[in-house]
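# Residue-level structure breakdown
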Amino acid sequence: MWNACAPRVCPHVFFISETGTNSFYLRDDGLNGDRVAGDYIFTSEKCRYDPNIAMPPTDPDEPVGIYQNNLNDLWVDSDYFLITPSLAILNTNVPAVETVMLASNIQVSAHLINLVTTNRELQRVLRIGGGLTALTQRIYSVLPDAFDFLPFFSTDHIEYSNRLTSANFVSGKYMPVSRNFTGTGTSVFDNTAAFGSSGRLKAIPMMDIMERGINSSQNTAHEISHHWAAELSTSLFITSGDGHYSPNSFINSILGGQYKAVTNTGPGGGYIKRCFYMDYTNATPLDKYLMGLISTSAVPPVLVSSNTLVIPCDGVVSNFRAPVTISNIVAVHGVRTPGPATAQKDFRLGFVAGSHNRLLTATEMTFYDLLAAHFTKPLASNYPPPMITYGWTPATKFFGEGTTWNSDVLGLIRPTITNVQWLVNGFRIDGTGYPGRTYRLLGSTNLNSWTQVTNKIAGTNGSFSLHDNSQPRPTTRWYKVSTP
Ligand SMILES: [Zn+2]
């Protein structure tokens, strides 16, 4: 919703090449920056944002100062790639986020975990399959078990060289880790230990690169929704058996069945299937029920056609089954347990971005950090729920029903100093941090070399008290608190 033209056909007037033109070429001929001819790694000419052109205005529901777009100009031969190369722009008036190194190959900011990776693991999982446990174990070696979901952003993109290979069409995936509820068609299990979590982690939603995976919040909300919804028995006729709703159901969910049956006023009568009709501002009632957020009485019946073939968009719906009611669902699966009174409603997300053999730059960290913070941004009660289809908009109201969403990373562990006090024979600092995490008091006489004075594990309420009782102490000493 940047401007009047559709995103896929906008001319790329924002970028200029080194020679000042708007035309770019992707090349694999070993020239003009491309390292090796014929290796199927295509390199663009250098380009930059044209400073003479103002950035498009930000949609009120999207983060300020960010712009994502695909580059149709970089299209040398459409037979090579399934998706168009993308660029993201961060306005220079957006300040860089603070980053802290938690290990030599892990940096974090307020809302992002950046891992140096060596095997392009996320793209492998999206295209081939495989695991992410080696990466998540690294996360838990430096951060607490404080996340329900670890959504992964792609920072690169790989395709099979036959661009129409089916795996190239995967724009996101859901990797289950544990489930602790019943009544949804799934079983209770706990595989958290393999991922390095002590029981909290629920799933890993994975998103493909930029325009493919994060040009709107829909992909991320879809993958998160897989944790609860659309696993009902196919005997109910509303699911397709692969974690999505049947294309012949009219449930209007983010997980499929995004259709509406409208009265056919033309010859033949009956109903017409209208596609992509879901309410993109609120999750469908059945999905909220499966999340444990609303009761059975709030779930309306679902219309399903009995056609054996998938009805095409705008096709005639010739016949319907009896509507599938919540009683039908409960008869097969039992009532969703726990229900609205006790089901989890506070969700913590730790957004992750792996980067191949390097750390993300300050600009990249800021870009992904802003996206993560925005996805979980609280909205005032009277703020209209944003559409999650166009643009990267907060998903908090989409799930709604009193749920709270949080994407803190650095803020989880950062110590807050609450008291600094000289004692008769020492020095004392009180503060709060993450319960069970070690906080160290470091001392220095020259601000260059620091030595540990003492350390404490934060209590169950996060509080700690660090005392320097060493005798004798230097007449002047600088202190700082760090974790670990
Ligand atoms: Zn899906």
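So, here is what we can say about the structure in this document. (Residues numbered from 1 in each chain as written. Predicted model: local features only at pLDDT ≥ 70, side-chain atom pairs only at ≥ 80, totals over all residues. Heavy atoms only, no water.)

### Points about the overall build of the protein chain
The helix and strand inventory of the protein chain stands at 10 helices and 26 strands. For the C-alpha atoms alone, the extent of the protein chain along its principal axes is close to 95 × 65 × 40 Å. The 484 residues of the protein chain split such that 48% are buried. Long-range pairs, those at least 24 residues apart, make up 66% of the contacts in the protein chain between residues at least 6 apart in sequence. Total accessible area on the protein chain is roughly 22,300 Å²; 54% of this is exposed by carbon and sulfur atoms. Averaging the positions of the 34 positive and the 35 negative side-chain charges in the protein chain gives two centres separated by 8 Å. (Helix = DSSP H or I, 4+ residues; strand = E, 2+ residues; numbered from the N terminus. Buried < 20%, exposed > 50% of the residue type's maximum accessible area, 1.4 Å probe, protein only. Contact = heavy atoms within 4.5 Å. Areas by Shrake-Rupley, 256 points an atom, 1.4 Å probe, with all protein chains shown as cover. Lys, Arg positive; Asp, Glu negative; His and termini not counted. Charge placed at Lys NZ, Arg CZ, Asp CG, Glu CD.)

### Some words on helix H5 (residues 218–225)
With seven of its eight residues buried, H5 lies for the most part within the structure. Along H5, the positions that sit buried rather than exposed are Asn-219, Thr-220, Ala-221, His-222, Glu-223, Ile-224 and Ser-225. Contacts made by the buried residues of H5 are with strand S11 (172–176), strand S14 (203–207), helix H4 (210–213), helix H8 (362–375), helix H9 (396–399) and strand S20 (404–406).

### Considerations on the state of the cysteines
Any covalent bond linking the sulfur atoms of two cysteines counts as a disulfide. A complete count under the given rule lists one disulfide for this structure. Linked covalently through their sulfurs, Cys-275 and Cys-313 form a disulfide whose S-S length is 2.0 Å. Judged by the sign of its S-S torsion, about -105°, the bond between Cys-275 and Cys-313 is left-handed. Placement of Cys-275 in strand S16 (residues 271–275) and of Cys-313 in the loop between helix H6 (285–290) and strand S17 (316–317) is noted, with a sequence separation of 38 residues between them. Given a relative accessible area of 16%, Cys-275 falls into the buried group. Classification of Cys-313 by relative accessible area gives partly exposed; the value is 43%. (Disulfide = S-S within 2.5 Å.)

### Comments concerning the coordination of the zinc ion
Coordination of the zinc ion by the protein comes from His-222 (NE2), His-226 (NE2) and His-244 (NE2), over a distance range of 2.1 Å. Expressed as a motif, the donor residue spacing for the zinc ion is H-x3-H-x17-H. A residue pair is termed long-range when its members are at least 10 positions apart, and His-226 in the loop between H5 and strand S15 (259–263) and His-244 in the loop between H5 and S15 qualify at 18 residues. What makes His-226 buried here is its relative accessible area of 7%. Here His-244 falls in the partly exposed class, since its relative accessible area comes to 24%. (Donors = N, O, S within 2.8 Å, 3.2 Å for Na, K, Ca; no water.)

It is worth stressing that arrangement in space is one thing and function is another; only the former is reported here.
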